[in-house]
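# Structure assessment
If you want the building blocks of each chain, they are given just below.
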Amino acid sequence: MTEEVAVIEGDGIGREVVPAAVRVLEATEVDLSFVEGEAGDAVADERGEPLPEETRDLAAGADATLFGAAGETAADVILPLREVVGSFANVRPARAYPGVDALHPGTDLVFVRENTEGVYAGIESEITDGVTTLTRVITEEASRRIAEYGFEYADANGYDVTVAHKANVMRTTDGQFLDAVAAVADERCADYDTALMDALATHLVMDPDEYGVVVCPNLAGDVLSDLAAGLVGGLGLLPSANVGEDNALFEPVHGTAPDIAGRGAANPTAAILSGAHLLEFLGYDREGDRVREAVRAVLSSGPRTPDLGGDAGTDAVTDAVVDHLD
Ligand code: ATP
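We now turn to the structure provided with this report.

Attention now goes to the pattern of salt bridges. For the coordinates displayed, the defined rule picks out 17 salt bridges. The salt bridge partner of aspartate 174 is arginine 136, with a shortest N-O separation of 3.1 Å. On the criterion of sequence distance, the pair formed by aspartate 174 in helix H6 (residues 171-188) and arginine 136 in the loop between strand S7 (131-134) and helix H5 (140-157) is long-range, its members being 38 residues apart. By relative accessible area, aspartate 174 is classed as buried at 0%. One salt bridge in this structure joins glutamate 280 and arginine 292, with 2.7 Å as the shortest N-O distance. Taken together, the residues glutamate 280 in helix H9 (residues 269-281) and arginine 292 in helix H10 (residues 285-301) connect sequence positions twelve residues apart.

Next up on the list: the pairing of strand S4 (residues 89-95). Burial analysis of S4 places seven of its seven residues in the buried class, which makes it a mostly covered element. With burial as the criterion, each face of S4 is covered, one bearing Ala89, Val91, Pro93 and Arg95 and the other bearing Asn90, Arg92 and Ala94. Both S4 and strand S5 (residues 108-114) contribute to a ladder of seven bridges, which runs antiparallel. Bridge pairing in S5 places valine 91 opposite valine 112. Where S4 and strand S11 (residues 239-243) come together, three bridges link them in antiparallel fashion.

Ordered in space as S2-S1-S3-S12-S11-S4-S5-S10-S8-S9, the ten strands form an open sheet in which the pairing is mixed. Looking at strand neighbours, the two that pair on one side only are strand S2 (32-37) and strand S9 (193-196), the edges of this open sheet. On average, each strand axis in the sheet is inclined to that of its neighbour by 25°, with strand direction left out of account. The sheet strands contacting helix H8 (residues 218-232) are S4, S5, strand S8 (161-165) and strand S10 (213-216), and the helix crosses S5 at an angle near 160°.

Let us look at the site of the ligand. The local shell around the ligand holds 14 residues, among which Gly255, Thr256, Ala257, Asp259 and Asn267 are the closest. One of the side-chain nitrogen or oxygen atoms of histidine 254 is found 3.3 Å away from a nitrogen atom of the ligand. Burial of the ligand by the protein amounts to 65% of the accessible area it has alone, namely 600 Å². A class-by-class count of the residues in the shell around the ligand yields seven nonpolar, five polar and two charged.

This part covers the pairing of S10. Residues Val213 and Val215 line one face of S10 and the alternating positions Val214 and Cys216 line the opposite face, and both faces are buried. In terms of strand pairing, S5 meets S10 through four bridges, oriented parallel. Directly across from arginine 113, in S10, lies its bridge partner cysteine 216. Across three bridges, S8 lies against S10 in parallel orientation. Bridged to valine 161 within S10 is valine 213.

Counting 83 residues, the largest nonpolar core has Leu66, Phe111 and Val213 as its most contacted members. If you look at the next biggest cluster of nonpolar residues, it comprises eleven residues, including Leu51, Ala59, Ala70 and Leu81.

What counts and what doesn't
- For every chain, the first residue of the written sequence is number 1, and numbering continues from 1 along that sequence.
- Only residues with pLDDT of 70 or above have their local features reported here, since the model is predicted, and side-chain atom pairs are shown and tallied only from 80 upward, although totals for entire chains, interfaces and linings are computed over all residues.
- Side-chain calculation: all heavy atoms of the structure are included, whereas hydrogens and water are not.
- By definition here, a salt bridge exists when the distance from a side-chain nitrogen of Lys or Arg to a carboxyl oxygen of Asp or Glu is within 4 Å.
- Each helix corresponds to a stretch of at least 4 residues labelled H or I by DSSP, and each strand to a stretch of at least 2 residues labelled E; elements are numbered beginning at the N terminus.
- Relative accessibility thresholds used throughout: buried, under 20% of the residue-type maximum; exposed, over 50%; partly exposed, between the two (1.4 Å probe, protein chains only).
- Strand pairing follows a simple DSSP-based rule, namely that at least 2 bridges must link the two strands.
- Whenever a helix is involved, its axis is fitted only over the stretch in contact; in every case the axis is a line through C-alpha atoms, and angles between N-to-C directions fall within 0 to 180 degrees.
- When checking whether two residues touch, look at their non-hydrogen atoms; a contact exists if any pair is within 4.5 Å.
- Any residue with a non-hydrogen atom lying within 4 Å of a molecule or strand is treated as near it.
- Any pair of N or O atoms that falls within 3.5 Å is considered a polar contact. Within protein, one atom must be able to donate a hydrogen and the other to accept it, and sequence-neighbouring residues count only if both atoms are side-chain atoms.
- Under the convention used here, a 1.4 Å probe and the Shrake-Rupley method define accessible areas, while residue burial counts only the protein chains that appear.
- Side-chain classes follow a simple rule in which Ala, Val, Leu, Ile, Met, Phe, Trp, Tyr, Cys and Pro form the nonpolar group, Asp, Glu, Lys and Arg form the charged group, and the remainder, Gly included, forms the polar group.
- The nonpolar core is taken to be a set of buried Ala, Val, Leu, Ile, Met, Phe, Trp, Tyr and Cys residues, with the residues joined through side-chain atoms within 4.5 Å.

Written out as C-alpha cells, the structure is:
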C-alpha cells in the first residue's frame, strides 16, 4: 500500500536538507508518495499566511509529514503543525557517531519532551507598560502521557529513564509533573531517576554516559536537547519525531540556519535521520535501519559538510548516503 508523505520544506536550509532526505527515502524503494506543501516566511510574505489551510489539511490527511524549518514564523508554523498531527511527544535522539568529534564518544541520549504545554502553551501578556507575564501550563493528563511514552520507549530500546524537572522552584507545576510520572512508574513497576534540570545540564556535559532516555517538560526538553547536539557534533546531526497516536511529523532539530542557507553546504544528516524515523513510524523498521547504517558509514568515512570539518556540499553527502544504501 502506498503511504502518503506530506513534505514541507519551509525556509532557509529546510529547502536544501528536506529534498536530500526525500532523495534518500526514494532510494529505499519503500512505496511512498510525496505531496508538497508550503509554509514559512516566504509564504507569509506572498500570501499573508505562514501556514495555509491546504498545508494543514495535507499534514492532517497524510500518513506522516516531513518538515524542514521555518524562520521568523516558526512558532506560527510548527506549533500548529504539531497540533494538526496530534503530537504529544517530541523525541530527540542525540548520538555520537564514529568519525565525528564528540565530547564523549559513547554518548547515546534520547530526549522525550512533552510537546503540547509548559511555557509553550502561548499564554503571554503585557499587563502594563514594562510588565509582562507568561503562564506555564502543566496538566496531569499530558504529564502522564509523556511519562507513559518515555517509559515505553526506554523499555523497547533498553534505556534507563531520568526525569528532568525544577520542582524545587516551580513547586505546583513541576510538582504535578513529578507526581504524574511517579504514578505512571508505579503502575508499570518502572525504575527511574529524577534530576534538577539545571544540574542535569552540567552532568550531561560531564557524564553523558550516565543517561539514556531523559523525559522533560517542554522548554527543558528544547534546551537540553540542543545542549546535547553540541555534545555529539552539532545541530546538523540531530533528528526529531513529533509523535501522535496515529500520525506524526518528523523534522531536524535545527532551524533555518540563515548564515549558511542557499550555499548548498548544509549538513543533511539531521533531515535524513528524521526520514529514518518516519520509515519506522510507517512500519518500515528494516529500511529505517538501512538509512541509519548508511548515514553512519558516511559520517565515518566522509564526505562531510563544513560543520563537521569537511568541504563537501549537501548533494555530495546525500549521494554518498544513497550509494551506501545499495
Ligand atoms: P532559526 O532562527 O531558524 O532557529 P538559527 O540560525 O538561529 O535559525 P539553527 O538553524 O538551529 O538556528 O542553527 C544554529 C547554527 O547551527 C546555524 O547558524 C548553523 O551554522 C548551524 N547549523 C544548524 N543546522 C545546520 C546544518 N544542517 N548544517 C550545518 N550547520 C547547521
